[in-house]
Amino acid sequence: MLDAAAAFGPLGPDLYKGQVPHRGQGDLDDLVTACAKLDRQLARPWVVLSNGVAATDFPTAVEAACRAGASGMLAGRALWRDALATADPSAALRTESVRRLERLVGIVDRYGRSWTEAR
């Protein structure tokens, strides 16, 4: 991840999308330290992806990334994957997936670095 950020960050993307170090598992302080290494490779706004991160681990991963300088997150399967295994996926999407998204938005609002500060 660090090598990719070092290679692609200087190319000037408007937004860098990075994976969560350690798949979001582990101690919050260790994840913040790992995300800070990624942040130092980038001189631009970045967000953390949910790719490969369990839904239960993603809130901690988002908090760590934002505390380390990320401006937010992009979440897909971490929000909706579990809904597919329920008897009523539509209801699960409207309830549990929405609750997950609201929690993540709260984390980003609290800890995320403003897009303009990251430029």
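Just so it is clear, the model here is predicted, and its values are computed rather than measured.

**Q** I'm lost on the sheet that holds strand β2 (residues 46-49) in this one. Help?
**A** The strands making up a sheet are joined through hydrogen bonds of the backbone, oriented either antiparallel or parallel. With parallel pairing, three strands are arranged side by side in an open sheet as β1-β2-β3. In this open sheet, the two edge strands, each paired with only one partner strand, are β1 (16-18) and β3 (72-74). The average undirected angle you get between the axes of adjacent strands in this sheet is 35°. Of the strand pairs in this sheet, β2 and β3 are connected by three bridges, and their pairing is parallel. Paired with V47 across the bridge in β3 is G72.

**Q** What should I look at first to understand the environment of G18 in this one?
**A** Tracing the sequence through the fold places G18 in strand β1. Of the residues examined, G18 reaches a relative accessible area of 4% and is grouped as buried. It is 9.5 Å that separates the C-alpha atoms of G18 and L2, two residues lying 16 residues apart in sequence. With sequence-adjacent residues up to four places away left out, G18 is seen in contact with V47, V48 and L49.

**Q** Any chance you could explain helix α5 (residues 89-111) here in plain terms?
**A** Counting along an α-helix, one turn takes 3.6 residues, and residues three or four places apart therefore face a common direction. Here α5 contains 23 residues, and its C-alpha end-to-end distance of 31 Å stays within 8% of the 33 Å for a straight helix at 1.5 Å per residue. The sharpest bend along α5 comes to roughly 30°, located at S97. Turning to α5, its buried residues number three or more, namely A92, S97, R100, L104, I107 and V108. Packed against the buried residues of α5 are α3 (58-67), β3 and α4 (77-80).

**Q** When you look at the pattern of salt bridges in this model, what are you seeing that I'm missing?
**A** Where side chains of opposite charge bring their charged atoms close, a pairing between them can arise. The tally for this structure, following the rule as stated, stands at five salt bridges. Taking the shortest distance from any N to any O, the salt bridge between D39 and R113 comes out at 3.0 Å. Of this pair, D39 sits in helix α2 (residues 28-41) while R113 sits in the segment after α5, and the two are 74 residues apart along the sequence. For R113, a relative accessible area of 23% translates into the label partly exposed. Salt bridges sharing common partners tie together D82, E96, R99 and R100.

Conventions used here
- Residues numbered from 1 in each chain as written.
- Predicted model: local features only at pLDDT ≥ 70, side-chain atom pairs only at ≥ 80, totals over all residues.
- Heavy atoms only, no water.
- Pairing = 2+ DSSP bridges.
- Helix = DSSP H or I, 4+ residues; strand = E, 2+ residues; numbered from the N terminus.
- Axes fitted to C-alpha atoms, helices over the stretch in contact; angles between N-to-C directions.
- Buried < 20%, exposed > 50% of the residue type's maximum accessible area, 1.4 Å probe, protein only.
- Contact = heavy atoms within 4.5 Å.
- Expected span 1.5 Å × (residues − 1).
- Bend = angle between axes of the 7 residues up to and from the residue.
- Salt bridge = Lys/Arg side-chain N within 4 Å of Asp/Glu carboxyl O.

Keep in mind that these numbers describe shape and distance, not what the molecule does.
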